Amino acid sequence: MFWQLQNKISLWRFRYLLLLLVWRDVKSRYKQALFGFAWAVLTPTFQALVFWLVFGMVFKVPQGKIPYLPLVFTGFIFWNFFSQSVSSATLSVTGNSNLVTKVAFPKEILILSSVLSRIPDLVASLLVLIIIIVFFHIGISVYIFWVVPILIIEMLLALAIGMFFSSINVYFRDVTAIIPIILMAWLFLTPVLYPLDLVPAKYQLIAKLNPMTGVLEGLRRAVLTSGPPEVASMLITLAVTFVLIVVSYVLFKKLEKGFADVI
Amino acid sequence: MSFKVAEDVIAIDKLSKRYKIGQPKKLGDALPIFLFKQKLKGFWALRDINLSVSQGERLGIIGANGSGKSTLLKILSGVTYPTSGKFRIDGKVAALLEVGTGFHPDFTGRENVYLYGTILGMDLASVRQRFDQIVAFSGIGKFLDTPVKYYSSGMYVRLAFSVAIHLDWDVLLIDEVLAVGDADFQKKCLVKIEQSLDHKKTLILVSHNFDMIRKFSNRVLYLRGGKVCKIGKPNPVINYYLKHG
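Residues numbered from 1 in each chain as written. Chains lettered and ligands numbered in written order. Predicted model: local features only at pLDDT ≥ 70, side-chain atom pairs only at ≥ 80, totals over all residues.

**Some points on the overall build of chain B**
Along its length, chain B carries 8 helices and 9 strands. By its C-alpha atoms, chain B is 60 × 50 × 35 Å across when sized along the principal axes. Of all 245 residues assigned to chain B, the portion counted as buried reaches 41%. Taking the intrachain contacts of chain B between residues at least 6 apart in sequence as the baseline, contacts between residues at least 24 apart amount to 70%. (Helix = DSSP H or I, 4+ residues; strand = E, 2+ residues; numbered from the N terminus. Buried ≥ 20, exposed ≤ 12 C-beta atoms within 10 Å, placed from the backbone. Contact = placed C-beta atoms within 7 Å.)

Set out below in structure tokens:
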């Protein structure tokens, strides 16, 4: 139908726009702050301190094989990456309405840039994590490289959820209000602040259907317990992620045709 | 139309665009529409447009407000989609619809040149290559490294236009944008556009300014109520519009 146009408005042609949007997001996030990019490191540092104070000193959580702080902090920073990506992606189409209504470009670039622009924050958090790991004498092995593929899965997952909600948000702004609730519920249903073993046996399967469970457990194994991810759980996560990506992309592309008209 | 297919840069076939009025923005408003199959009111911004534009042609589009001129350009540029019908454009399309969209206020002029260039679909290398020309054309000079939020609106538009005008294009779509900026700068832009026009480049210009239409177009399309009312040589169509429009 749009036989020629379709080729021209391709993602590849706009790769530089993606690059500059990411740069714009990252830069404007820290530009006005007194400490600038230092906040990217300060924030996770203070978060780690809070975890340590509350759960180490006040509540005295019983310690398992892995001390509570590295266990929770690892889950926490990778969850944060996901959750912040999803929330900014959800608002990215409506938040760039001036671009959407006036320039022709593939709108999934907005979602992609929302996710990619969270990477510097994640890297800063990882620096803090490394300090914690060293502090708790946890060894690092070659399994650490599993972080890369699992992180890619996590980003695909964030893209899928982001495409899904951002496109609906153009039509119904209710999504803007709902998304923090969804993310909070999802946080508690995912072993972020607790280890997966704590989930009762009869709920284990349901917990593993949650793709974020596989992602976080895989990342924890790679970083903390020096092991490869559990195959079954990783396969479930991969399958669910794949389905979500396909469904969300089809929905996004369908709804995208109306973005400029209804936004 | 009996143009030879190979020469048509733009072919538009029974193109229509219908806008819905009162699209619900809240789930609560959408529910009755969904449940009781209420039909949303709408209006046809464009109705059954058929048009061929051949390479090197300069088409002026005139018509009253709301006649569908801007909608047509928005569809051709790919910002919005037709409700029915189809169209084809060959070659690189550049659209000067609303200049300066996507400038980031906190960023400097320099940074925004790159940002805006990529928004318009340029690659970084070509922005870099034309950077000096762009800046010289804009006359921004020493404010290049000042955040654009401190720019006057004139400076802002001049910089944006300078980026846009240095794009590579085979088909250029212009929608009234030349009405911005001061007279000198407008003139400069027109000269620049004129210079880049050759027998291979195609121009589509929407304007209320008949002098400009006469100057730039060799064919004029008069849109009325979303339909093609008249198309032909500039003067007869403009005169018809002035008499009957």
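**Overview of the overall build of chain A**
Of regular secondary structure, chain A possesses 12 helices and 0 strands. Secondary structure elements in chain A, listed N-terminal to C-terminal, are α-α-α-α-α-α-α-α-α-α-α-α. The C-alpha radius of gyration computed for chain A amounts to 20 Å, which stays within 12% of the reference 18 Å derived for 263 residues, consistent with globular compactness. Counting over 263 residues, chain A shows a buried share of 39%. (Rg over C-alpha atoms; globule rule 2.2 N^0.38 Å.)

**Observations regarding the interface of chain B and chain A**
Every contact between the two is made by 28 residues of chain B and, on the other side, 26 residues of chain A. Of all the secondary-structure elements, those providing two or more residues to the side of chain B that touches chain A are helix H1 (27-36), strand S4 (84-89) and helix H3 (109-119) of chain B. Residues of the side of chain B that touches chain A, tallied by class, amount to 11 nonpolar, 9 polar and 8 charged. (Nonpolar A, V, L, I, M, F, W, Y, C, P; charged D, E, K, R; others polar.)

**Observations regarding the sheet that holds strand S8 (residues 219-224) of chain B**
Residue and element names in this part refer to chain B. Ordered in space as S5-S6-S7-S3-S8-S9, the 6 strands form an open sheet in which the pairing is mixed. One side of each edge strand has no neighbouring strand; the edge strands of this open sheet are strand S5 (93-96) and strand S9 (227-232). Between one strand and the next, the sheet's axes are offset by a mean angle of 15 degrees, whatever the strand orientation. Across the sheet, helix H2 (residues 69-77) lies against strand S3 (58-62), S5, strand S6 (171-175), strand S7 (202-206) and S8, angled at about 145 degrees from S6, the strand it touches most. (Pairing = 2+ DSSP bridges. Axes fitted to C-alpha atoms, helices over the stretch in contact; angles between N-to-C directions.)

**Notes on the nonpolar core**
Leu17 and Ala158 of chain A together with Ile61, Ala160, Ala164 and Leu173 of chain B are the most contacted members of the largest nonpolar core, which totals 127 residues. The dominant element in this core, judged by the number of residues it contributes, is helix H4 (residues 68-95) of chain A, at 13 residues. Residue contacts for Leu17 of chain A: discarding those within four places in its chain leaves Phe105 and Ile109 of chain A together with Thr118 and Ile119 of chain B. (Core = buried A, V, L, I, M, F, W, Y, C linked by C-beta atoms within 7 Å.)

**Description of the environment of Ser117 of chain A**
Residues and elements named next belong to chain A. Summarising the element assignment, Ser117 is placed in the loop between helix H6 (108-116) and helix H7 (119-135). Here the alpha-carbon distance between Ser117 and Leu19, two residues 98 residues apart in the chain, equals 9.4 Å. Contacts of Ser117, omitting those with residues within four sequence positions, involve Val22, Asp25 and Val26.

**Observations concerning the pairing of S9 of chain B**
All names here are of chain B. Of the pairings in the sheet, the one linking S8 to S9 comprises 5 bridges and is antiparallel in character. The residue bridging Leu223 from the neighbouring strand is Val228, located in S9. Counted between consecutive antiparallel strands, the loop separating S8 from S9 contains 2 residues, among which Gly225 sits at a positive phi close to 55 degrees.

**As for helix H12 (residues 231-262) of chain A**
Residues and elements named next belong to chain A. With 32 residues, H12 extends 44 Å between its outermost C-alpha atoms, agreeing within 8% with the 46 Å of an ideal straight helix rising 1.5 Å per residue. Maximum bend of H12: about 40 degrees, positioned at Glu256. Residues of H12 that are buried: Ser233, Met234, Thr237, Val240, Thr241, Ser248, Phe252, Leu255, Phe259 and Ala260. If you follow the buried residues of H12, they end up packed against H4, helix H5 (97-102), H6, helix H8 (147-171), helix H10 (204-209) and helix H11 (211-225). (Expected span 1.5 Å × (residues − 1). Bend = angle between axes of the 7 residues up to and from the residue.)

**Remarks on the sheet that holds strand S1 (residues 8-20) of chain B**
Residues and elements named next belong to chain B. Across the sheet, which stays open at both edges, the 3 strands sit in the order S2-S1-S4 with antiparallel pairing between neighbours. Edge positions in the open sheet fall to strand S2 (42-54) and S4, since each of these has one partner strand only. If you compare each strand with its neighbour and ignore which way they point, the axes differ by 20 degrees on average. In this structure, S1 lies alongside S2, joined through 9 bridges in antiparallel fashion. Bridging from a neighbouring strand, Ile10 pairs with Val53 of S2.

**Side note on the environment of Ser141 of chain A**
Locating Ser141 of chain A in the fold gives a position in the loop between H7 and H8. Between the alpha carbons of Ser141 of chain A and Gly227 of chain A there is a distance of 8.4 Å; along the sequence they are 86 residues apart.

**Some remarks on the pairing of S7 of chain B**
Residues and elements named next belong to chain B. Burial runs high along S7: 5 of the 5 residues are buried. Residues Thr202, Ile204 and Val206 point to one face of S7 and Leu203 and Leu205 to the other, with burial holding for every one of them. Note: S3 against S7, 4 bridges, orientation parallel. By the bridge assignment for S7, Gly60 is matched with Leu205. One ladder, built from 5 bridges, connects S6 with S7; its direction is parallel. Looking at S7, one finds that Val171 is bridged to Thr202.

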